[in-house]
Structures are given as C-alpha cells and as structure tokens.
Amino acid sequence: MTRCLSTLLIALWLSFTAAQAVPLDPACPPARVGVSDLGYSSYLDGTVIRGSNIDVLAEIQLRSGCQLNVRWYPRSRQQALFLSNELEMTGASLRTAERDRYGTWLPYTWTRFELVLLGTDAGKFRSLADFVEHSTARLNITRGIFYTADAQRQLDRLQQQGRLEYVSDFGVVFRKIKAGRAEGTLAPATIHLLNQRLFGLTAKMSATPVSESPRMMVGLYVSKKVPQPILQRYADALRSIVVDGTMQTFYERYLGADISHRLFADGTRELLNALPPPR
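Below you will find a few notes about this structure. Keep in mind that this is a model prediction, so the values were computed, not measured.

A closer look at the nonpolar core
Line of reasoning, step 1. If you look at the biggest cluster of nonpolar residues, it comprises 86 residues, and the most contacted ones within it are Leu-57, Ile-60, Tyr-108, Tyr-234 and Leu-238.
Line of reasoning, step 2. When residues of this core are assigned to their parent elements, the largest contribution, eight residues, is made by helix H8 (residues 228–243).
Line of reasoning, step 3. In contact with Ile-60, not counting residues within four places along its chain, are Gly-65, Leu-68, Leu-220, Tyr-234, Ala-237, Leu-238 and Ile-241.

Quick word on the pairing of strand S10 (residues 164–167)
Line of reasoning, step 1. Across four bridges, strand S9 (residues 139–142) lies against S10 in parallel orientation. Residue pairing across strands places Thr-142 opposite Val-167, the latter belonging to S10.
Line of reasoning, step 2. Assessed by its sense of winding, the connection that carries the chain from S9 through helix H5 (residues 149–160) to S10 is right-handed.

Thoughts on unusual backbone geometry
Line of reasoning, step 1. Look at Asn-85: it is not a glycine, yet its phi comes out positive at around 65 degrees.
Line of reasoning, step 2. As for its position among the elements, Asn-85 is in the loop between helix H2 (75–83) and strand S6 (89–90).
Line of reasoning, step 3. Overall, the relative accessible area of 38% leaves Asn-85 in the partly exposed class.

A closer look at the side chain of Lys-176
Line of reasoning, step 1. One can find Lys-176 in helix H6 (residues 170–178).
Line of reasoning, step 2. Excluding residues within four positions of it along the chain, Lys-176 makes contact with Asn-140, Glu-165, Val-167, Arg-181 and Ala-182.

With respect to empty space enclosed by the protein
Line of reasoning, step 1. Enumeration according to the criterion identifies one cavity of 30 Å³ or more in this entry.
Line of reasoning, step 2. Size it by volume and the largest cavity reaches roughly 240 Å³.
Line of reasoning, step 3. Along the wall of the largest cavity there are 22 residues; nearest its centre are Leu-38, Ala-92, Thr-111, Pro-188 and Val-218.
Line of reasoning, step 4. Listed by contribution, the elements that provide at least two residues to the lining of the largest cavity are helix H1 (52–64), strand S7 (103–111), helix H7 (189–198) and helix H9 (246–255).
Line of reasoning, step 5. Residue composition of the lining of the largest cavity, by class: 13 nonpolar, seven polar and two charged.

Some points on the state of the cysteines
Line of reasoning, step 1. Scanning all chains against the criterion turns up one disulfide.
Line of reasoning, step 2. Paired through a disulfide, Cys-28 and Cys-66 show a sulfur-sulfur distance of 2.0 Å. Between Cys-28 and Cys-66, the S-S torsion sits near 105 degrees, and that sign places the bridge as right-handed. Taken together, the residues span a long stretch of sequence, with Cys-28 in the loop between strand S1 (3–5) and strand S2 (31–35) and Cys-66 in the loop between H1 and strand S5 (68–72) at a distance of 38 residues. Here the two residues Cys-28 and Cys-66 agree in accessibility, since each one is buried.

Basis of the calculations
Residues numbered from 1 in each chain as written. Predicted model: local features only at pLDDT ≥ 70, side-chain atom pairs only at ≥ 80, totals over all residues. Heavy atoms only, no water. Core = buried A, V, L, I, M, F, W, Y, C linked by side-chain atoms within 4.5 Å. Buried < 20%, exposed > 50% of the residue type's maximum accessible area, 1.4 Å probe, protein only. Helix = DSSP H or I, 4+ residues; strand = E, 2+ residues; numbered from the N terminus. Contact = heavy atoms within 4.5 Å. Pairing = 2+ DSSP bridges. Right-handed = clockwise from strand over helix to strand, strands pointing away. 1 Å grid on protein atoms, 1.4 Å probe; cavity = no way out; pocket = protein on both sides within 12 Å on 5 of 7 lines; lining within 4 Å. Points joined across faces, edges and corners; volume = space filled by probe spheres on them. Nonpolar A, V, L, I, M, F, W, Y, C, P; charged D, E, K, R; others polar. Disulfide = S-S within 2.5 Å.

Structure representation (structure tokens):
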C-alpha cells in the first residue's frame with residue numbers, strides 16, 4: 001500500500017516567505033515522485049512523509065511552480081516503478097549506469113556510507129576488508145541500495161561467510177539489530193542516526209567511515225519522458241537551493257552542524273558543475 005502526501009506544502013513553509021514561491025503553473029504537468037525509507041532523508045512520521053529530501057522536493061515545487069505529488073514505496077518497489085516509467089521523479093539516489101538509461105540525474109548533496117556496529121567495535125576497522133577478515137559480526141543491509149564495486153565485493157564475501165542478510169528496509173535492519181539477530185549495518189548518517197534514535201540504540205552503537213565507500217553525490221532522478229523545458233525548471237530550482245545555502249540548512253536541521261559541515265567541507269562547486277547549466 002502506498003501513502004500519498006496530498007501536498008508538499010506541510011509545515012515546511014515556515015522557513016520561507018511567500019515572496020519566494022512561484023505560483024503553480026498549469027502548463028507544468030504534476031509529477032509523480034517516489035520516495036522510500038532513507039532515514040532523515042525521507043521517513044514516515046505517522047502518515048506524514050518528512051526528511052531533508054522531502055524539504056528539497058517541497059522547495060523545488062516552490063521555486064519551479066511545478067506540482068510534485070510524493071508517494072511512499074519500499075525502496076525496491078520505488079526503483080522498479082521508475083525503471084518502468086511509472087514515476088516522473090525519484091527521491092534521493094546515487095548515480096548508476098542503469099538509472100542513467102531511464103532518467104537524468106540532478107545532484108544536490110553528498111553522502112558517505114559508514115560501518116555501524118553495536119558497542120565501540122566500528123572504530124577498530126578502517127575498511128570493510130579489515131572487518132571481513134578480523135570480525136565475526138553479522139550485518140543486515142537493504143535491497144535496492146547501490147554500493148561501490150569495492151564495497152559490494154566485501155559484502156559478497158560476508159554473504160559467503162553467512163554473515164550478511166538483505167532485508168526490505170532499514171526499519172527491519174535496526175529491529176533485527178535490537179533483537180540480537182545482527183550486530184550492525186552499512187549506512188550513511190542520514191539513515192543510521194534516525195534509526196538509532198527510533199530503536200533506542202543511540203548510545204549503544206558506533207559508526208566509522210570505510211575506505212571502500214568514499215563520499216558520493218546524491219541527487220534526484222528525473223524520467224527521460226519529462227520534457228526538456230520542465231527538466232530545466234527542476235534543475236534551475238535545485239541549483240538555486242544549493243547556491244543560496246538552503247540545502248546545507250536542511251541538512252543541519254536533521255543531522256546537526258558538524259556532520260553537515262563535513263559533507264560540504266569542499267564547498268558546492270562540484271555539485272553545481274554536475275547540474276545542467278542554467279537557462
């Protein structure tokens with residue numbers, strides 16, 4: 001069952017003045033946007049979808065004048081719908097060759113996967129290879145998530161050892177960790193911080209970056225069936241969100257200033273260069 005966010009203009013507009021909003025343009029067809037469980041990027045608060053990615057989508061609607069209708073799906077279902085041209089846009093996604101065949105990627109922020117373990121064990125490892133070779137801990141990860149080739153090789157080794165299980169979403173991951181059926185996961189701060197809080201694990205887990213998962217850009221995918229002028233409106237709105245610091249403000253809201261500053265430590269030039277040029 002999907003849950004529909006009837007409008008994106010929910011509790012977010014307190015941060016913005018009415019002068020910033022562009023009236024919805026009837027010439028811009030409403031777009032179906034799929035999002036899924038990605039921690040503070042997108043999560044369900046009761047029946048309301050919240051998160052930094054939801055804030056970004058709301059701001060794109062405000063600045064582009066194009067209506068975005070957001071619906072919630074399991075991650076694998078969301079990706080399948082996008083690849084079958086049943087969605088015009090996806091929520092936060094890493095770039096892959098397969099997704100590039102179906103959509104145009106519009107990056108707006110950064111992420112980095114971290115090894116997250118019960119206790120302080122995560123700090124003992126600087127790579128997944130080290131973890132595979134010098135630990136007996138079990139990981140759970142979710143289907144439909146893209147990992148680098150180096151990371152996937154180590155995850156495959158874990159699976160061969162019987163120490164890795166794929167599950168449907170990160171809620172299941174952390175529920176199983178709390179129940180003692182796994183000791184950790186591989187996830188970015190946006191995901192593991194929220195789930196640690198929700199499952200009462202905040203003071204019981206540690207996280208550390210691993211060399212197989214460097215910092216990577218995250219963006220929206222827009223279906224190639226979307227007309228170029230509409231795509232450009234999305235891209236221009238997204239560019240303005242990055243340029244004026246609104247994106248960093250969203251991240252600080254959910255992750256705190258320290259994590260946000262680390263993610264954007266090198267500035268925004270690389271993100272902006274990866275977006276289509278402004279019209």
